[in-house]
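Reading the structure
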Amino acid sequence: PGHGQWSLNGTLIDLGNDYRRHMSGGNLIISSLDRDQDTGIYQCTAFNTWGSILSRRASLQFAYLDNFKTQTVRSAVNVREGQGVVLLCGPPMHSGELTFAWIFNEYPYFVQQDTRRFVSQETGSLYIAKVEPSDVGNYTCVVNNTITREKVLSSPTPLVLRSDGVMGEYEPKIEVHFPDSVPAAKGSVVKLECFALGNPVPEISWRRTSGVPFPSKVKMKNSNAVLEIPNFQQEDAGTYECVAENSRGKNTARGRISFHAKPHWLQTMTDSALSIEENLFWECKANGKPKPSYSWLKNGENIMSEGRIQIENGALSIAALNLSDAGMYQCVAENKHGIIYSSAELMVLASPPSFSKSPLRALLKARSGSEVTLECKPQASPPAISLWKKGNEILQRTERISLLPNGTLKIANVTRRDAASYTCIAKNQFGTASTTGRLLITEPTRITLRPTNMEIIVGESIVLPCQIACDPALDVSFSWAFNGQLIDFQRDGDHFERVGGSISGDLMIRNIQLNHGGKYVCVIDTDVESLSTSAILVVKGPPGPPDKVAVEEITDSTAQLSWTPGRDNGSPITGFIIQARTPFTVGWQAVDTVPEVINGNMLTATVVGLNAWVEYEFRVVARNSVGMGEPSPASAKTRTEDAIPDTAPTDVGGGGGTKSELVITWEPVPEELQNGEGFGYIIAFRPVGTVTWTRAVISTPGVARYVFRNDTIPPFAPFDVKVGAYNNRGEGPFSSIATVYSAEEGTVKAASVRARSVSAAQIEVIWEALPTIPERVLGYEVVYWEDDTKPDTVGKVRITGNYTLVNVTGLDANTPYYLAVAAFNTAGSGPQSAPINTTTKKPPPGQPPLNVEWTMIGSTLTLHWDPVVAMDTESEVTGYMVLLKRHRYNDVNIILTNKTTVELSLSANDNYLIQIKALSEGGEGVGSEPIHIHKLSESALLSVSISSLFDH
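Residues numbered from 1 in each chain as written. Predicted model: local features only at pLDDT ≥ 70, side-chain atom pairs only at ≥ 80, totals over all residues. Heavy atoms only, no water.

For the protein, an unreviewed UniProt entry supplies the name Contactin 3b and the organism Myripristis murdjan. Its UniProt record, at the heading Subunit (unreviewed entry), says of the protein: "Interacts with PTPRG." (UniProt positions renumbered as here; feature names shortened; annotations may be inferred.)

Digging into the overall build of the protein
The helix and strand tally for the protein stands at one helix and 89 strands. What you see for the protein is a C-alpha radius of gyration of 64 Å, clearly larger than the 30 Å of a compact globule of 952 residues, by over 25%. Reported as C-alpha extents along the three principal axes, the dimensions of the protein are approximately 165 × 115 × 75 Å. Expressed as a percentage of its 952 residues, the buried residues of the protein come to 39%. Expressed as a percentage of contacts within the protein between residues at least 6 apart in sequence, the contacts between residues at least 24 apart total 63%. When the accessible surface of the protein is totalled, it reaches about 51,100 Å², and 50% of it is carbon and sulfur. Seen as two clouds, the 83 positive and the 100 negative side-chain charges of the protein have centres 11 Å apart. (Helix = DSSP H or I, 4+ residues; strand = E, 2+ residues; numbered from the N terminus. Rg over C-alpha atoms; globule rule 2.2 N^0.38 Å. Buried < 20%, exposed > 50% of the residue type's maximum accessible area, 1.4 Å probe, protein only. Contact = heavy atoms within 4.5 Å. Areas by Shrake-Rupley, 256 points an atom, 1.4 Å probe, with all protein chains shown as cover. Lys, Arg positive; Asp, Glu negative; His and termini not counted. Charge placed at Lys NZ, Arg CZ, Asp CG, Glu CD.)

Thoughts on the sheet that holds strand β54 (residues 530-540)
Strand order in this open sheet of five strands is β46-β54-β53-β49-β50, and the pairing throughout is mixed. The strands lining the two open edges of the sheet, one partner per strand, are β46 (454-457) and β50 (485-486). Relative to β54, β46 is paired through four bridges, and the arrangement is parallel. Within β54, the residue paired with Ile456 across the bridge is Val539. (Pairing = 2+ DSSP bridges.)

Examining the pattern of salt bridges
A full pass over the atoms with the stated rule returns 37 salt bridges. For the salt bridge of Arg248 with Glu169, the shortest nitrogen-to-oxygen distance reads 3.8 Å. Of this pair, Arg248 sits in the loop between β24 (238-246) and β25 (249-267) while Glu169 is found in the loop between β17 (157-161) and β18 (170-177), placing the two residues 79 residues apart along the sequence. Overall, Glu169 belongs to the partly exposed group, its relative accessible area being 45%. Among the ionic pairs, Asp471 bridges to Arg416, the shortest N-O distance being 3.9 Å. Note that Asp471 is positioned in the loop between β48 (467-469) and β49 (476-482) and Arg416 in the loop between β42 (409-411) and β43 (420-428), a separation of 55 residues in sequence. Judged by its relative accessible area of 10%, Asp471 is buried. Connected via shared salt-bridge partners are Arg80, Arg162 and Asp164. (Salt bridge = Lys/Arg side-chain N within 4 Å of Asp/Glu carboxyl O.)

Digging into the packing of aromatic side chains
This structure, assessed with the given rule, holds 23 aromatic pairs. Seen in terms of ring centroids, Phe214 and Tyr240 are 6.1 Å apart; in terms of plane orientation they differ by 10 degrees. Their pairing is stacked. Of the two residues, Phe214 is situated in the loop between β21 (203-208) and β22 (219-221) and Tyr240 in strand β24; the sequence distance between them amounts to 26 residues. Tyr240 gets classed as buried once you look at its relative accessible area, which sits at 1%. Ring geometry for Phe716 and Tyr741: centres 4.4 Å apart, planes at 20 degrees, overall stacked. One end of the pair, Phe716, is in the loop between β69 (705-709) and β70 (718-727); the other, Tyr741, is in strand β72 (residues 738-741), with 25 residues separating them in the sequence. (Phe/Tyr/Trp six-rings, centres within 6.5 Å; stacked < 30°, edge-to-face > 60°.)

Some words on the confidence of the model for the protein
Reading predicted coordinates in detail is not appropriate for stretches of low pLDDT. When pLDDT is averaged along the protein, the result is 90; 97% of the residues meet or exceed 70. Contacts of residues 937-952 to residues separated by more than four positions or lying in other chains number 23 contacts, the stretch itself having pLDDT below 50. (pLDDT = per-residue confidence, 0-100.)

A word on the sheet that holds strand β66 (residues 661-667)
Ordered by their spatial adjacency, three strands build an open sheet running β65-β66-β69, and the pairing between neighbours is antiparallel. Unpaired on one side and paired on the other, β65 (650-654) and β69 mark the two borders of the sheet. In this sheet, neighbouring strand axes are inclined to one another by 15 degrees on average, regardless of whether the strands run parallel or antiparallel. For β65 and β66, the ladder comprises three bridges, and the chain directions are antiparallel. Residue pairing across strands places Thr650 opposite Glu667, the latter belonging to β66. (Axes fitted to C-alpha atoms, helices over the stretch in contact; angles between N-to-C directions.)

A look at the UniProt feature "domain: Fibronectin type-III" (unreviewed entry) in the protein
Here, the residues flagged by UniProt with the feature "domain: Fibronectin type-III" (unreviewed entry) are residues 545-643, 648-745, 749-843 and 848-939. Counting secondary structure, residues 545-643 comes out at 0% helix and 52% strand; the distance between its end C-alpha atoms is 34 Å. End C-alpha atoms of residues 648-745 are separated by 32 Å, and the span's content is 0% helix alongside 50% strand.

Here's the deal with the UniProt feature "domain: Ig-like" (unreviewed entry) in the protein
What UniProt calls "domain: Ig-like" (unreviewed entry) maps, in this numbering, to residues 66-154, 172-258, 263-347, 353-442 and 444-532. Helix makes up 0% of residues 172-258 and strand 61%, whereas the separation of the span's terminal C-alpha atoms amounts to 28 Å. When the span residues 263-347 is considered, its composition is 0% helix and 62% strand, and the gap between its end C-alpha atoms is 28 Å.

A few points about unusual backbone geometry
The residue after Asn199, namely Pro200, is reached through a cis peptide bond having omega 0 degrees. Within the element layout of this structure, Pro200 appears in the loop between β20 (190-199) and β21. Cis geometry is adopted by the peptide bond preceding Pro595, which originates at Val594 and carries an omega value of 0 degrees. Counting through the fold element by element, Pro595 comes out in the loop between β59 (592-594) and β60 (598-599).

Focus on the side chain of Thr526
Note that Thr526 resides in strand β53 (residues 518-526). Setting aside residues no more than four positions away along its own chain, Thr526 makes contact with Thr445, Leu474, Asp475 and Val476.

Section: the side chain of Asn199
Structurally, the position occupied by Asn199 is in strand β20. Here the side chain of Asn199 touches Gly168 through a polar contact of 3.5 Å, landing on its backbone oxygen. (Polar contact = N/O pair within 3.5 Å; in protein donor to acceptor, adjacent residues only side chain to side chain.)

Topic: the pairing of β53
Where β49 lies against β53, seven bridges are found, and the strand directions are antiparallel. Paired with Ser479 across the two strands is Val523, which belongs to β53. In this sheet, β54 lies alongside β53 in antiparallel orientation, the contact comprising eight bridges. Residue Ile524 lies in a different strand from β54, and its bridge partner there is Leu531. Remark: three residues form the turn of the hairpin made by β53 and β54, two consecutive strands paired antiparallel.

Concerning the environment of Met871
Relative to the helices and strands, Met871 resides in the loop between β82 (860-864) and β83 (877-886). The exposed category is assigned to Met871, whose relative accessible area is 54%. Along the primary structure Met871 and Gly846 are separated by 25 residues, whereas in three dimensions their C-alpha atoms are 8.7 Å apart.

This is the structure we're talking about:
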């Protein structure tokens, strides 16, 4: 640990019996400060086992302000009006910066400074350039100590006007003048004062004699009596001039401000550890104004230049160091404005050789034919002399063996004969040491399988081989770089994987992407050498999307497009396909173009076969040998020009309607084929066999029906009919001519209607066909209802053609129904027959056949079950139906019986499913639980009887 001691004005402070001063952690603490005892320059000396150094110097001064010496009355100052006057302050003894002010007559009336009156902060005096009658009174100087904040007042000085007239005008007389030479520290605030007496009151101005204008930081204060230069720098130094001027003349005062700066370091020395007998050279450099001088200290004492020790400016050199030169050194730079210290330690080393930090490697491998370097770098002070041994023989220089001055051994073009143990022996005056290592010579490594340049398609996988033959004594590692960056198999494991054993560094690349194209380098590192081999991989993919698809020109059926190609992704673009989309298409559709095939170096084409007056978007898809690429962004929406319609309405027909009507219908033209605005239809018709067409116009594009009424139209008369289209551009084509009949007359009443109930849900209705009549009959309609009070229960069955019987199904059981029959044609239904009524049968039994038993003898199956008894509300049982289903053929056989037993003959190769239902007038009853009979295997030919009970 270090210690310290303090000196005051160069004399050591003895803290032994001192009650006011003591040290704490290196700090000097002084209590009950005393101006006489404690003023001065303090410096600390720090020392430990390595030596001692001096601190910077510290100055301690005490600020104070004494009272004005005598409080005697100051004598009056007599002046004439218009004369200038100076009232002296004469401050008392003090230390520390003072400020001055003057009281006029009594506190708190202070003299206000202006062009006529000035209080100098240098002398404290009050200057009045030209006295006026209002100035008469008592003046008291107030002195302030800025550090202690003490304030003292002088006794008053009376100012009295003389009675012998007013002073005439006279030229300025400079009373406040800054010194001829003003030293100014770097960064300080410099204030120059200048004030003149005169009549009229003089004006003060400033300039630099060099003519250089003042920088913006320079300020004028107190009506130009004070020039202030903040943050003073070298360029502010020079001669400054104050000019006082009035109408009677002018006077000047000038002085030089010189720049000074404390020293500061440009270069210092650093701690050094040198061997005994070596030479020391330290240099330090400092800046300052004036130029600093240098001195050197060792352990706080001045060093003189003599013998081994030479000092020149800031440089210290010591030749042939010995142990006594060790210690703490300081370089001191000093000018009259300051002193600075730089410290460093010098250690002088004396030790025997040691290889503890730099031994030879126990085993060193080298490739046959290479150059081997063995370093001999012991720590030793002074440096050791070394020699080399191979085995027990001392090595000598040869053509291949070099022994360098620094102890390094180099063997060129090594062979297996150089394999041996090598020892370096080092020696100085303090002792000897050695280090030994064995040299092993290995065969050169060869690359046996290299990767080759390849082209590959996106999404495929590939292995790049990298295989070697090498000396078994070597440790080998493989690494791969892609485009100069090492591949990180951890991070990029999705695509890159190392495959192969210890002498194989093959690289597998999975699911190759376009960005995997580039240069791959396999690097093989062994203990003795580094080899590499590389290949370039070109990855091909479908082309990138084309861009900037633009419609250059558009007509009613064509559009001229241009585009720019996307990237070819490694394979030249062989062609382009154009697709279009409109509000009427589902997604994008390929379109016809001129030329029909667009090759890869064309960037324009004309799309043909477009519909007029439709808004189109276009996009372009490129293809190459790999495949189709992504589509381009869509072009701006562009509408084709309008044109006369070129599509006629289709599916022209009609007929029907009411008396004296011709009804014409057609399939409307879709919006995308209307070719322009103002679209509508023209309907033309004439009785078959006549020449003149009647025309009608419909201006609603969505309408698909037109009715022409005229009492002269005969019923069911044939007409030629055609329908055309038009828009604002004109009329388009007509459809082909169709034959349409006018409305026909209604038919007559059906006769001889009979009905019978077939089951619980079905009624059969029979009638007589109508005789041949002028009116056509297209078919018949049966209407049925439950009773007249419930009209919402009406149902209807229509049958087209010349039938006379219909089954009405889906009815409710045991319910009376009313039924009527009418014939119909295009004019509608004719009059109904008189209603007849009949009641549906009761529903079939709800109970399934129970207690089904079956017995199998050979291939004969005998079934038996309990009779089903119908309830009062159900139809009586009339018999039973047995359903026999063969799994393999999926067919169903039905056996009817009015007994409760049945015998069946089954095939041995089928699986069967059997179910029994009761029959009644009301229909089939509920089926029994199904019975499964599996294939009749040999063992099952025994007689088996199984009973199954089903509860419902």
